[in-house]
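Chain residues, written in single-letter form:
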Amino acid sequence: MTSVLYDAPGPKAKRRNLLFSVVFFVLLALLAWWIWQVMDDKGQLRWALWEPFTQSEAWTTYLLPGLGDTLKAAALAMIIALPLGAFFGISRMSDHRWVRMPAGAVVEFFRAIPVLLLMLFANEFYARYTDVSSADRPLYAVVTGLVLYNASVLAEIVRAGILALPKGQTEAAQAIGLRKGQTMTTILLPQAVTAMLPAIVSQLVVIVKDTALGGVMLGFTELLNARGTLAANYANVIPSFIVVAVIFIVLNFILTSFAGWLEARLRRSKRSTGAVLGAEDVDELNAAEIGTPGTGKGDIV
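In this text, all values refer to a predicted model and were calculated from it rather than measured experimentally.

S.K.: Please explain the overall build of the protein as it appears in this structure.
M.R.: Looking only at helices and strands, the protein has 11 helices and 0 strands in total. For the protein, the α and β elements follow one another from N to C terminus as α-α-α-α-α-α-α-α-α-α-α. The buried share of the protein, reckoned over its 301 residues, is 33%. Within the protein, contacts between residues at least 6 apart in sequence are counted, and of these 69% link residues at least 24 apart. Counting only carbon and sulfur atoms, one obtains 66% of the accessible surface of the protein, whose full area is about 19000 Å².

Structure follows, in structure tokens:
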């Protein structure tokens, strides 16, 4: 298929692409084999190191509680950051300068600060100026840092998604007398959701991974922190890293797969015209419109 942005590859290009693919997979297989050999030489493939993961204690005591805290922090951060980001993203598009300028300053400020620094600052703030207990403080600090950073990123995603819509949508809404707030809530935002969905889910994946920063720096008992305790008890550092990495890969794959399914479903629903009407239903609608009873497919009025 040829388009303005893409030319269909010819016979030579197809052979070259096939050759590159074969070479890549051969190199990948050699790398995997080398890693396997190194781990075997270092004794990291001994069954004694992997056996704990076949027992329920390693999962129920360490990994599953850590995974639960990871998902808890990520869910809280996303639930708070998404509406906050939408608010600031829409505020940056306001016609009023006194709304647009402060919103832009907040977004640019928190987007420029590393999320780890925000977590550390929040942890110190809660320790000095609030009554949050030391047990709950790491969770509060992690969620606060994630919210402040990701809300600013989501604000830009929302703004970009709305600005990407054709201007005719706004002009048509103005032509029928809709105010800007009505245009935003009833026309622009619903259409922008589908375009923004992949970026929003990608940011959710980032949030899930960034919870590990709280485990390393603040002692938050998320998955990576729980892995450290497990490895200390079973002396299987490398296997524990591999298992946790696989858990993160599976979790993020589920999120991205769900996002793809949801995006496709939204696109199909927008293409749909609603319920499917049969011939009798159409006759009844036509009859109701002209004030006469429907008489079937062959009605002549």
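From this point, the narrative continues.
S.K.: Help me understand the UniProt feature "transmembrane region" (unreviewed entry) in the protein in this model?
M.R.: Per the UniProt annotation, the sites labelled "transmembrane region" (unreviewed entry) are residues 18–36, 73–91, 103–122, 142–165, 186–208 and 237–262. Between the C-alpha atoms that bound residues 73–91 there is a distance of 27 Å. The span itself is 100% helix and 0% strand. Secondary structure within residues 186–208 divides into 100% helix and 0% strand; the distance between the first and last C-alpha atoms comes to 31 Å.

S.K.: Would you explain helix α9 (residues 223–234) in this entry?
M.R.: The α-helix advances 3.6 residues per turn, and as a result positions three or four apart in sequence lie on the same side. Between its first and last C-alpha atoms α9 spans 16 Å; for 12 residues at 1.5 Å apiece the expected length is 16 Å, and the two agree. The complete set of buried residues in α9 reads L223, A226, R227, L230 and A231. The buried residues of α9 occupy one face: seen down the axis, they fall within an arc of 140°. You can read the cap of α9 off the contacts: a side-chain oxygen lies 2.8 Å from the backbone nitrogen of L224, and it is on E222. A235 sits one or two positions beyond α9 and adopts a positive phi of about 55°.

S.K.: I'm lost on the environment of I242 in this one. Help?
M.R.: Inspection of the secondary structure puts I242 in helix α10 (residues 237–271). With sequence-adjacent residues up to four places away left out, I242 is seen in contact with M39 and W50.

S.K.: In this structure, what is going on with the nonpolar core? I would like to understand it.
M.R.: If you look at soluble globular proteins, the nonpolar side chains tend to sit buried side by side. Membership of the largest hydrophobic core comes to 49 residues, with the highest contact counts inside it found for L63, V142, L146 and I162. Listing elements by their share of this core, those giving two or more residues are α3 (56–91), α5 (115–129), α6 (137–163), α8 (180–217), α9 and α10. Setting aside anything within four residues of it in sequence, one finds V142 in contact with A73, M119, T211, G214, L218 and F220.

S.K.: Sorry, what's going on with the confidence of the model for the protein here?
M.R.: The predicted coordinates ought not to be read in detail in places where the model reports low pLDDT. Here the protein averages 83 in pLDDT, and 87% of its residues register 70 or above. For the protein, the element scoring lowest by mean pLDDT is helix α11 (residues 279–290), at 52; α5 scores highest, at 93. Segment residues 272–278 is flagged for pLDDT under 50; beyond a separation of four residues in sequence, or across chains, it makes 2 contacts in the model. pLDDT under 50 marks residues 292–301. Its contacts with residues more than four places away, or in other chains, come to 10 contacts.

S.K.: I'm lost on the pattern of salt bridges in this one. Help?
M.R.: Two side chains carrying opposite charge are able to pair once their charged atoms lie near each other. Summed over all chains, the structure comprises 6 salt bridges. A salt bridge links E108 to R92; the shortest N-O distance between them is 3.2 Å. Of this pair, E108 sits in helix α4 (residues 97–112) while R92 sits in the loop between α3 and α4, and the two are 16 residues apart along the sequence. What makes R92 buried here is its relative accessible area of 18%.

What counts and how
Residues numbered from 1 in each chain as written. Predicted model: local features only at pLDDT ≥ 70, side-chain atom pairs only at ≥ 80, totals over all residues. Heavy atoms only, no water. Helix = DSSP H or I, 4+ residues; strand = E, 2+ residues; numbered from the N terminus. Buried < 20%, exposed > 50% of the residue type's maximum accessible area, 1.4 Å probe, protein only. Contact = heavy atoms within 4.5 Å. Areas by Shrake-Rupley, 256 points an atom, 1.4 Å probe, with all protein chains shown as cover. UniProt positions renumbered as here; feature names shortened; annotations may be inferred. Expected span 1.5 Å × (residues − 1). Arc of directions from axis to C-beta. Polar contact = N/O pair within 3.5 Å; in protein donor to acceptor, adjacent residues only side chain to side chain. Core = buried A, V, L, I, M, F, W, Y, C linked by side-chain atoms within 4.5 Å. pLDDT = per-residue confidence, 0-100. Salt bridge = Lys/Arg side-chain N within 4 Å of Asp/Glu carboxyl O.

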